Amino acid sequence: QIDDLAKVDYSLSGLPAVFQPFIDLDLKGIVFPAGNHTDSPYVAASFTIPDQRDSMLYLAFSEYFFQTSSFAYYSAGAFNMTIAEETCSYFNINTEIFSSIIPEVAKYSVTPYPVMLKLMSTEIPIISLQQDSFTVEIQGSVEVLAILPDSTTRSLFTLNIAANTSISLNIFDQKLMGSLCLNRIQFSLAHSNVGSFEVLLLENILSYIFQTEVIPSANAKLSKGFPLP
């Protein structure tokens, strides 16, 4: 059990290979949603570890392991989150901020209303492992909603999100841990109830929210780590 959302299964994919100086263990690590052992859409590819003799133990992970992790957490809805009214208010983000950029919001809401943001991943995040990099491409959406005096919400607009992130890995206390860094993020208009507008004018505000709220939240989850076999 990794957490409430996912489990990991390590099983031998072949007999241990015993040599005089070392032992090779080939394991197939699969992460799947807790309570729902759904088959992963990915296929594990075999790989070899470079011949090195300087340490007692070498561990290597393939893209497959991280792809199944991405699939499991996507299936469990882990990439969806809501940035609540209190957080937006802390950063002084309300309908008045948006009305200075989108004139239609001012007509839509004469009195400044607090807002909330709903983030959703629309596709399974794409994992890419290279020799010196570990990147994750995320496709999603963010919906901005005004919170009315009667506590109901009204959708203002929805933006598409395309984010490129990198992950650094380390091992601590028999767990594989990660730290996420946002490399770049792009927004485009998906739907609007306040007319068309230039999305570029909102990028600074939204990028700041991602850097200060979304990335730290993701890193808090990654810091819990994956148990190693």
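Residue numbers run consecutively from 1 along every chain, following the written order of its sequence. For this predicted model, a pLDDT threshold of at least 70 governs which residues receive local features, and a threshold of 80 or more governs which side-chain atom pairs are given and counted, while totals over whole chains, interfaces and linings are taken from all residues. Side-chain measures were taken over the full set of non-hydrogen atoms in the model, leaving aside hydrogen atoms and water.

- Going by what an unreviewed UniProt entry lists, the chain is known as Bactericidal permeability-increasing protein and is assigned to Urocynchramus pylzowi.
- UniProt positions are given in the numbering used here, feature names are shortened, and annotations may be inferred rather than shown by experiment. The heading Subcellular location (unreviewed entry) in the UniProt record of the chain holds the text "Secreted".

## Concerning the nonpolar core
Here is step 1 of the chain: Residues grouped as a nonpolar core are buried Ala, Val, Leu, Ile, Met, Phe, Trp, Tyr and Cys residues, joined through side-chain atoms within 4.5 Å. Burial here depends on accessible area, computed with a 1.4 Å probe over protein chains only, as a share of the maximum for the residue type. Under 20% is buried, over 50% is exposed, and the range in between is partly exposed. The biggest cluster of nonpolar side chains holds 49 residues, and the ones touching the most others in it are Val-31, Leu-117, Phe-157 and Phe-187.
Here is step 2 of the chain: Start and end positions for the domains come from either an automated domain assignment or a database one. Split by domain, this core shows at least three residues from each of two domains, domain 1 (1-77) and domain 2 (79-228).
Here is step 3 of the chain: Only heavy atoms enter the contact rule, under which two residues are in contact if any of them lie within 4.5 Å. When residues no more than four places from it in sequence are discounted, the contact partners of Leu-117 are Met-81, Thr-82, Ile-83, Cys-88, Val-142, Glu-143, Val-144, Leu-206 and Ile-209.

## Some thoughts on the environment of Ser-196
Here is step 1 of the chain: Numbering of helices and strands runs from the N terminus; a helix is a DSSP stretch of H or I covering at least four residues, while a strand is a stretch of E covering at least two. Topologically, Ser-196 is positioned in the loop between strand S10 (175-192) and helix H5 (203-222).
Here is step 2 of the chain: On the basis of relative accessibility, which here comes to 68%, the residue Ser-196 falls in the exposed class.
Here is step 3 of the chain: Sequence separation between Ser-196 and Glu-104 is 92 residues, and the spatial gap between their C-alpha atoms is 8.9 Å.

## Here we look at a nonpolar patch on the surface
Here is step 1 of the chain: In this scheme, patches are assembled from residues that exceed 30% relative accessible area and form no salt bridge. Like charges are connected within 9 Å, while nonpolar side chains (Val, Leu, Ile, Met, Phe, Trp, Tyr) are connected within 5 Å. Accessibility throughout is a Shrake-Rupley quantity obtained with a 1.4 Å probe, and a residue counts as covered only by protein chains that appear here. By salt bridge we mean one thing: a side-chain nitrogen of Lys or Arg within 4 Å of a carboxyl oxygen of Asp or Glu. A surface patch of nonpolar side chains, amounting to about 500 Å² of accessible area, comprises Leu-12, Val-18, Ile-23, Leu-25 and Leu-27.
Here is step 2 of the chain: By secondary structure assignment, the location of Ile-23 is in strand S3 (residues 23-24).
Here is step 3 of the chain: Residue Ile-23 is classed as exposed on the basis of its relative accessible area, which comes to 54%.

## As for unusual backbone geometry
Here is step 1 of the chain: The phi dihedral of Ser-151 falls on the positive side, at around 75 degrees, and the residue is not glycine.
Here is step 2 of the chain: Within the secondary structure layout, Ser-151 lies in the loop between strand S8 (133-147) and strand S9 (153-172).
Here is step 3 of the chain: Even without a glycine there, the phi angle at Asp-173 is positive, about 55 degrees.
Here is step 4 of the chain: As for its placement among the helices and strands, Asp-173 is situated in the loop between S9 and S10.

## Concerning the pairing of S10
Here is step 1 of the chain: At least two DSSP bridges between two strands are required for those strands to pair. Of the strand pairs in this sheet, S9 and S10 are connected by 16 bridges, and their pairing is antiparallel. Following the sheet pairing, Ile-161 is matched in S10 by Phe-187.
Here is step 2 of the chain: The hairpin formed by S9 and S10 contains 2 residues between the paired strands, and Asp-173 there has a positive phi angle of roughly 55 degrees.
Here is step 3 of the chain: When S10 meets strand S11 (residues 226-227), the two strands line up antiparallel, connected through 2 bridges. Bridge pairing links Leu-176 to Phe-226 in S11.

## Some details on the domain arrangement of the chain
Here is step 1 of the chain: When its domains are assigned, the chain resolves into domain 1 (1-77) and domain 2 (79-228).
Here is step 2 of the chain: Between the C-alpha centres of domain 1 and domain 2 the distance comes to 30 Å.
Here is step 3 of the chain: Overall, the association of domain 1 and domain 2 removes approximately 1600 Å² of surface from exposure, summing both partners, and the carbon and sulfur fraction of that is 74%.
Here is step 4 of the chain: For any pair of parts, buried area is found by adding up, for both, the accessible area (1.4 Å probe) each one loses once the two are put together. Considering only the side of domain 1, the residues that lose the most area to domain 2 are Glu-63, Phe-66 and Tyr-74, jointly responsible for 37% of the buried surface there.
Here is step 5 of the chain: Counting across the domain 1 and domain 2 interface gives 0 salt bridges.
Here is step 6 of the chain: Within 3.5 Å is the distance limit for a polar contact, defined as a pair of N or O atoms, with the added protein rule that one can donate a hydrogen and the other accept it, and that residues adjacent in sequence qualify only through two side-chain atoms. Counting across the interface, domain 1 meets domain 2 through 6 residue pairs in polar contact (both at pLDDT 80 or more).

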